[in-house]
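Residue-level listing of the chains:
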There are 2 protein chains.
Amino acid sequence: MQNIRKISDSTIRRLSLYYRALSNSEKDGYFTVSSQDLAKKERLTPAQVRKDLSFFGSFGTRGLGYPVKELKEKIGSILGLNRSWNVALIGVGNLGSALASYKEFQKQGFHIKLLFDNDPKKIGSSIDGIPILDIKQIGTQLKQNKIDLVIMTLPGHTAQGVAEEVVRAGVKAILNFAPVSLKVPEDVFLRNENMAIELEYLSFCLKNRNNPGKHA
Amino acid sequence: MQNIRKISDSTIRRLSLYYRALSNSEKDGYFTVSSQDLAKKERLTPAQVRKDLSFFGSFGTRGLGYPVKELKEKIGSILGLNRSWNVALIGVGNLGSALASYKEFQKQGFHIKLLFDNDPKKIGSSIDGIPILDIKQIGTQLKQNKIDLVIMTLPGHTAQGVAEEVVRAGVKAILNFAPVSLKVPEDVFLRNENMAIELEYLSFCLKNRNNPGKHA
DNA sequence: TATATATTGTGAAAAATATCACATATGCAA
DNA sequence: TTGCATATGTGATATTTTTCACAATATATA
């Protein structure tokens with residue numbers, strides 16, 4: 001157990017993997033799971049799993065493993081999934097609407113309360129009961145609805161300007177899907193979801209599949 | 001310059017970032033860019049940028065920087081974006097349709113040729129001219145259309161079975177959006193796109209924002 | 001031509017991350 | 001109760017990744 005600030009990005013990201021694996025194990029009716037099991041599911045090593053967990057406490061029983069339900073809840077609480085977050089989504093295009101109606105987020109406590117767009121045809125309508133508001137109202141609406149986190153699914157060239165409005169409204173966490181890197185103040189947490197990266201990674205792998213040698 | 005097999009995941013992923021940043025710089029009319037510029041755009045260090053690039057050659061000019069267009073093309077060629085890949089997408093739900101009509105992939109050489117679903121209402125129709133086929137035809141269609149890469153956007157419980165069919169059809173690269181970890185043979189490249197991870201990461205950050213101390 | 005300034009490319013050093021290996025603790029069977 | 005099998009938790013070690021620091025090389029200017 002150590003200072004929480006010193007826990008690495010990678011460990012936190014793996015906690016998400018463990019959480020998902022445990023949810024599945026729970027559904028499948030398992031009561032305990034070993035570091036070995038978890039490792040195999042997520043293509044990691046057992047030592048890695050144990051080390052990651054040990055940063056936050058000791059949740060297992062020697063000789064037995066980890067209690068599935070309990071560990072899942074513990075990790076959920078570490079990640080802050082045991083509470084609810086107010087989320088707004090900006091940019092109701094194809095991807096935006098898809099995310100707005102994605103039920104998994106809801107289940108994990110991410111409640112999408114507001115949608116924003118600049119298209120008059122969309123403004124005033126709703127998706128799964130979530131109203132689509134005028135993007136001009138971002139400032140007041142984000143504050144009024146105590147939004148904790150904003151998901152941005154809008155075109156690259158508009159993203160930076162909107163991000164600045166979001167920051168001005170006091171939001172401290174942004175998940176960005178727009179294909180640009182945003183500049184935000186230090187106290188705002190920003191993560192970029194770049195779907196091209198994984199695709200390009202696969203392209204790289206395919207290209208170099210039969211090439212164990214040097215690269216020009 | 002070193003053996004290409006030894007280049008780290010992180011470096012490859014950063015190449016994607018550089019590629020995107022360079023595309024933007026090119027659009028903005030820049031002819032050269034320094035490692036410092038690139039670093040600032042992507043929140044990295046200049047040394048990191050130079051080191052990453054140095055694994056593949058030396059593309060810059062001392063005292064000047066890197067030629068934007070040339071470096072972009074060079075990185076594109078390293079990532080395999082200078083050629084075209086045949087892509088199929090399985091699972092035409094909300095996310096699937098959003099990705100099917102996402103033009104950026106097309107631009108980078110990822111040509112979505114086929115869509116698959118098991119819903120009779122969808123089979124036979126098309127999205128942006130891409131036909132939606134019966135998921136039962138995966139085996140023959142993937143081979144016939146020489147599909148290089150498959151994007152899976154289907155429910156978790158069906159994913160593993162479908163992945164196995166995809167592998168049997170000889171596809172060597174899978175981008176998985178289903179919320180499970182798939183088991184595939186060693187010679188198949190698999191990447192998981194897990195949108196919950198980034199959201200959960202932000203949740204963790206928000207939760208521990210004012211907590212520099214120990215964690216229970 | 002000489003001098004000042006900018007910026008790369010890269011070994012070496014530092015820092016971060018992952019793995020090892022084993023003492024420790026548990027369950028079960030005889 | 002003893003012995004065996006299993007599996008955690010964690011310091012120590014190994015590996016990987018990042019950063020440093022500087023020689024090398026370019027441009028600009030006088």
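Residues numbered from 1 in each chain as written. Chains lettered and ligands numbered in written order. Predicted model: local features only at pLDDT ≥ 70, side-chain atom pairs only at ≥ 80, totals over all residues. Heavy atoms only, no water.

Taken together, 23 residues sit near DNA strand D, with Ser35(A), Arg50(A), Ser58(A), Tyr66(A) and Arg14(B) positioned nearest. Within 4 Å of the protein, atoms of DNA strand D come from sugar and phosphate in 64% of cases. Here a base nitrogen of DNA strand D and a side-chain polar atom of Lys51(A) are 3.3 Å apart. A distance of 2.9 Å separates a phosphate oxygen of DNA strand D from a polar atom in the side chain of Tyr66(A). If you list the elements that add at least two residues to the surface near DNA strand D, you get α3 (46–54) of chain A together with α3 (46–54) of chain B. The leading source of residues in the surface near DNA strand D is α3(B), at four residues. (Near = heavy atom within 4 Å. Polar contact = N/O pair within 3.5 Å; in protein donor to acceptor, adjacent residues only side chain to side chain. Helix = DSSP H or I, 4+ residues; strand = E, 2+ residues; numbered from the N terminus.)

On to the pairing of strand β3 (residues 85–90) of chain A. Residues and elements named next belong to chain A. Of all the six residues making up β3, six are buried; the element is thus mostly covered by neighbouring parts of the structure. Neither face of β3 is open: one carries Trp85, Val87 and Leu89, the other Asn86, Ala88 and Ile90, and all of them are buried. Bridge count for β3 against strand β4 (residues 110–117) is six bridges, and the pairing is parallel. Pairing of Leu89 across the sheet is with Leu115, part of β4. Summarising the sheet, β3 and strand β7 (residues 149–152) pair through four bridges and their orientation is parallel. Of the residues in β7, the one forming a bridge with Ala88 is Val150. (Buried < 20%, exposed > 50% of the residue type's maximum accessible area, 1.4 Å probe, protein only. Pairing = 2+ DSSP bridges.)

What the seven strands build is an open sheet, ordered β5-β6-β4-β3-β7-β8-β9 (chain B); its pairing is mixed. Two strands bound the open sheet, and with one partner strand each, they are β5 (126–127) and β9 (189–192) of chain B. Sheet analysis places β5(B) next to strand β6 (residues 130–134) of chain B, joined by two bridges and oriented antiparallel. For Ile127(B), the partnering residue across the bridge sits in β6(B) and is Ile130(B). Against the sheet, helix α9 (residues 195–207) of chain A engages β3 (85–90), β4 (110–117), β7 (149–152), β8 (173–176) and β9 of chain B, with an angle of about 170° to β9(B). With respect to the sheet, helix α8 (residues 156–168) of chain B is in contact with β3, β7 and β8 of chain B, its orientation differing from that of β7(B) by roughly 170°. (Contact = heavy atoms within 4.5 Å. Axes fitted to C-alpha atoms, helices over the stretch in contact; angles between N-to-C directions.)

One non-glycine residue, Arg43(A), adopts positive backbone phi at about 60°. By the secondary structure assignment, Arg43(A) is in the loop between α2 (35–42) and α3.

Next up on the list: the relation of the copies chain A and chain B. The two copies are related by a screw motion: chain A maps onto chain B through a turn of 180° and a shift of 0.0 Å along the axis, at an RMSD of 0.1 Å. The superposition operator between the copies reduces to a two-fold rotation axis. In this assembly, 100% of the residues forming the interface of chain A have copies in chain B that are likewise at the interface, indicating an isologous arrangement. (Least-squares fit on C-alpha atoms with pLDDT ≥ 70 in both.)

It is worth spelling out the side chain of Gln108(A) at this point. As for its position among the elements, Gln108(A) is in the loop between α6 (103–107) and β4. The buried category is assigned to Gln108(A), whose relative accessible area is 15%. Within the structure, the side chain of Gln108(A) is placed 3.3 Å from the side chain of Glu200(B), a separation counted as a polar contact. Beyond its immediate sequence surroundings of up to four residues, Gln108(A) is in contact with Tyr19(A), Leu81(A), Arg83(A), Ala196(B) and Glu200(B).

Don't take any of this as a statement about function, it's just geometry.
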